[in-house]
Amino acid sequence: MADTGVTPGKSPAHPLLVFDAASQWLGIEVLELRDGAARISMLLRPEMLNGFGIAHGGMVFAFADTAFALACNPEAGGPARQRTEVTVAAGADITFLASAHAGDILTAHAEHRAGSGRSGVYDIEVRADRPDGTSDVVALFRGRSRTIRGPLPDPPSRPDAGPVPDRKQRMKTSPAKSAAANPAALDPASLDPEERMSRDELEDLQLRRLQQTLAYAYERVPLYRTKFDDAGVHPSDLRELGDLRLFPYTTKEDLRSTYPFGMFAVPQHQVSRIHASSGTTGRPTVVGYTSGDLDRWAALVARSLRASGVRPGDKVHNAYGYGLFTGGLGAHFGAEKLGCTVIPISGGQTERQIQLILDFEPDTILCTPTYLLAIADAMAAAGIDPRSTSLRTAVLGAEPWTEEMRHELETLMDLDACDIYGLSEVMGPGVAGECVESKDGAHIWEDHFRPEIIDPFDDTRVLNDGEPGELVFTSLTKEALPIIRYRTHDLTRLLPGTARPSMRRMGRITGRSDDMVILRGVNLFPTQVEEIALRLPALSPHFQLEITRPERMDELTVRIERREETSAREAATAAVELAAQIKVHVGSSCTVEVVEPGTLARSSGKLRRIYDLRRQPGAAPS
């Protein structure tokens, strides 16, 4: 091992850590440091736990990130100002596999895996050694680095030196905001009783509710009676949860074939509200709610918002679209149910959105991730620092997004960005929500929905937890529109619960089976391109995919904006790298066209990424 000036097992002498107050507070010890590798450890203390008695996810991330930084910058001799370059993070992904508890000794081992030019890829494993002698992998972290060159500033004269906090920082640390700003301060007693159930208790509840729902749908919805009879099954055949696989699926075509109200299980006078899809690809799908459905929906959205860090008394800027779309009203009544003040601005009118954010000083924004990105870009274009606003939480949904997009938004706006999941046919937003203390995927509220993962190419196969496939939902408490084994077309996997241990999590939505593009025999999803593009510092998150067939073969063109600070030369280099990475990771050749910032369309709702022009030779995107 190269001489790094670090004594194994002692407090860190590395210049990156000496002036890092967070690392000092964590009590990190450097066990090993060499070129491209680092190993560090720390004792998990009670004050490092969240409100559920497990290690705070952000703390585990910071610990892994420290090992990443040390492996990228192993030299410890001499002051930082004598060095003329440093390697910094360009992006990171973390997967949480197990919980850690007070008394555990955490070890993070970082190792360089690959490199290209100034960029590198590092794998970091975080392991917990338990007091009982057992050991578990808590998290796997993959970091991507880049090197910056030039004179580096002197370190601060003391670890706690720093500027006077700005308005946003004062708000985050004021007594009135402290409970909201610190998710660990959430009292577990404030959770719904179902959130505190054991897994066995939850599955007992699911079985009872599932048996009731199947009988209810069979008795009240003619389509389900026909489908069950055709499949040769009866509600009484469900004796255990695994028996659900015996029952037929529901599809969007079923809802369209019974348009408008043929799927309703209650008479019209008991339907309190109707929502519908846009119907851009055919008849709209219509969904209805009883007053009881609306109460449960609001409660689940409130649960989701609370999990993501929103607290009673917060001002919530709701930029989801209102109307027949379930997003706006679903989020609105859920925020009110939680005890928040709602600003119902809806989508669009970006300049007005910005003005109200500055004037009303909301704590939380609700919208799609791509629209929040558009708001941040518009702020920057107007000379407003997006990090200077009052916003501290963003609850984002209605479209797939990646960990790279989370990092982009959190860095741009200095806030916590969490996912909320739902779809109109199942309920609307609030089917699942992400916990801010772990940020490791949305927990499905399984007291109201039973999820399954199936093979999208062989729907007779129900897959095990952890296996990727198509997400299927059965409602357990809906009255107006019970839904049985609804095929969402969302591609993901089911993972063990963490912050809510009995509720399983959804992995990130990697795409939709009905949005998948087959390009010369290769399956392509927009999220794959987003994930790769956001690893390249010269390129922005704004891109479009254009597919044409000028001759006999399909051709893919990726049109992507460069960042404002990127030179033409750097953009051209990044275009070559992006095309190469898409070829490696997706398996398809493409042309990359880097365009000027602000060239591509923005959207206040779901953003269109793919323009399939194979049937329209020479057409321009609309």
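No experiment lies behind these values; they were computed from the predicted model shown. (Residues numbered from 1 in each chain as written. Predicted model: local features only at pLDDT ≥ 70, side-chain atom pairs only at ≥ 80, totals over all residues. Heavy atoms only, no water.)

Asker: Quick question: what am I supposed to make of the packing of helix α11 (residues 350-360) against helix α12 (residues 369-381) here?
Answerer: When two helices pack together, their arrangement is given by the angle between their axes and by how far apart the axes lie. Relative orientation of the contacting elements α11 and α12 amounts to 75°, with a least axis distance of 10 Å. Here α11 lies roughly perpendicular to α12, going by the angle between them. Seen from α11, the contacting residues are Thr350, Gln353, Ile354 and Ile357; seen from α12, they are Tyr371, Ile375, Ala378 and Met379. Taken together, the residues of the contact of α11 with α12 sort by class into six nonpolar, two polar and no charged. (Axes fitted to C-alpha atoms, helices over the stretch in contact; angles between N-to-C directions. Helix = DSSP H or I, 4+ residues; strand = E, 2+ residues; numbered from the N terminus. Parallel < 35°, antiparallel > 145°, perpendicular 65-115°, else oblique. Contact = heavy atoms within 4.5 Å. Nonpolar A, V, L, I, M, F, W, Y, C, P; charged D, E, K, R; others polar.)

Asker: Help me understand the pattern of salt bridges, please; the structure alone is not making it clear to me.
Answerer: For side chains bearing opposite charge, pairing can occur when the charged atoms are close. In total, this model carries 42 salt bridges according to the counting rule given. A salt bridge links aspartate 314 to arginine 392; its shortest N-O distance comes to 2.5 Å. Here the residue aspartate 314 occupies a position in the loop between α9 (291-307) and β9 (315-318), and arginine 392 occupies one in the loop between α12 and β12 (393-396), the gap between them amounting to 78 residues. For aspartate 314, a relative accessible area of 4% gives the class buried. Arginine 406 is the partner of glutamate 434 in a salt bridge, and the nearest nitrogen-oxygen pair spans 2.8 Å. Of this pair, glutamate 434 sits in strand β14 (residues 428-434) while arginine 406 sits in helix α13 (residues 403-413), and the two are 28 residues apart along the sequence. Pair check on accessibility: glutamate 434 and arginine 406 agree, each one buried. Linked by salt bridges that have partners in common, Asp192, Glu194, Glu195, Arg303, Arg306, Glu437, Asp447 and Arg500 make up one network. (Salt bridge = Lys/Arg side-chain N within 4 Å of Asp/Glu carboxyl O. Buried < 20%, exposed > 50% of the residue type's maximum accessible area, 1.4 Å probe, protein only.)

Asker: Just to check I follow, could you spell out the sheet that holds strand β17 (residues 458-462) for this structure?
Answerer: What links the strands of a sheet is backbone hydrogen bonding, and the strands pair in either a parallel or an antiparallel sense. Reading across from one edge, β17-β16-β18-β19-β22 is the order of the five strands in this open sheet, with antiparallel pairing throughout. Two strands in the sheet have a free side with no partner beyond their single neighbour: β17 and β22 (511-512). As judged from the four bridges shared by strand β18 (residues 469-475) and strand β19 (residues 486-492), these two strands associate in the antiparallel manner. Considered in β19, the bridge of glycine 469 is made with threonine 492. The sheet strands contacting helix α6 (residues 199-220) are β16 (449-455) and β18, and the helix crosses β16 at an angle near 90°. (Pairing = 2+ DSSP bridges.)

Asker: Can you walk me through the packing of aromatic side chains in this structure?
Answerer: Pairs of aromatic rings are described using the distance from one ring centre to the other and the angle between the two planes. Under the criterion given, the structure shown has 10 aromatic pairs. Judged by centre distance (5.9 Å) and plane angle (55°), the ring pair of phenylalanine 68 and phenylalanine 141 falls under tilted. Here the residue phenylalanine 68 occupies a position in helix α3 (residues 57-72), and phenylalanine 141 occupies one in strand β6 (residues 135-149), the gap between them amounting to 73 residues. In textbook terms, an aromatic cluster arises when at least three aromatic residues are bridged by ring pairs, as seen for Phe61, Phe68, Tyr122 and Phe141. (Phe/Tyr/Trp six-rings, centres within 6.5 Å; stacked < 30°, edge-to-face > 60°.)

Asker: Can you walk me through the nonpolar core in this structure?
Answerer: The tendency in soluble globular proteins is for nonpolar side chains to be buried side by side. The biggest cluster of nonpolar side chains holds 68 residues, and the ones touching the most others in it are Tyr224, Phe228, Leu305, Tyr421 and Phe473. The element that contributes the greatest number of residues to this core is α9, accounting for seven residues. Residue contacts for phenylalanine 228: discarding those within four places in its chain leaves Leu214, Tyr218, Val233, Pro235, Phe247, Pro248 and Ile484. Counting residues in hydrophobic clusters, the runner-up holds 33 residues, among them Leu26, Ile40, Val60 and Ala139. (Core = buried A, V, L, I, M, F, W, Y, C linked by side-chain atoms within 4.5 Å.)

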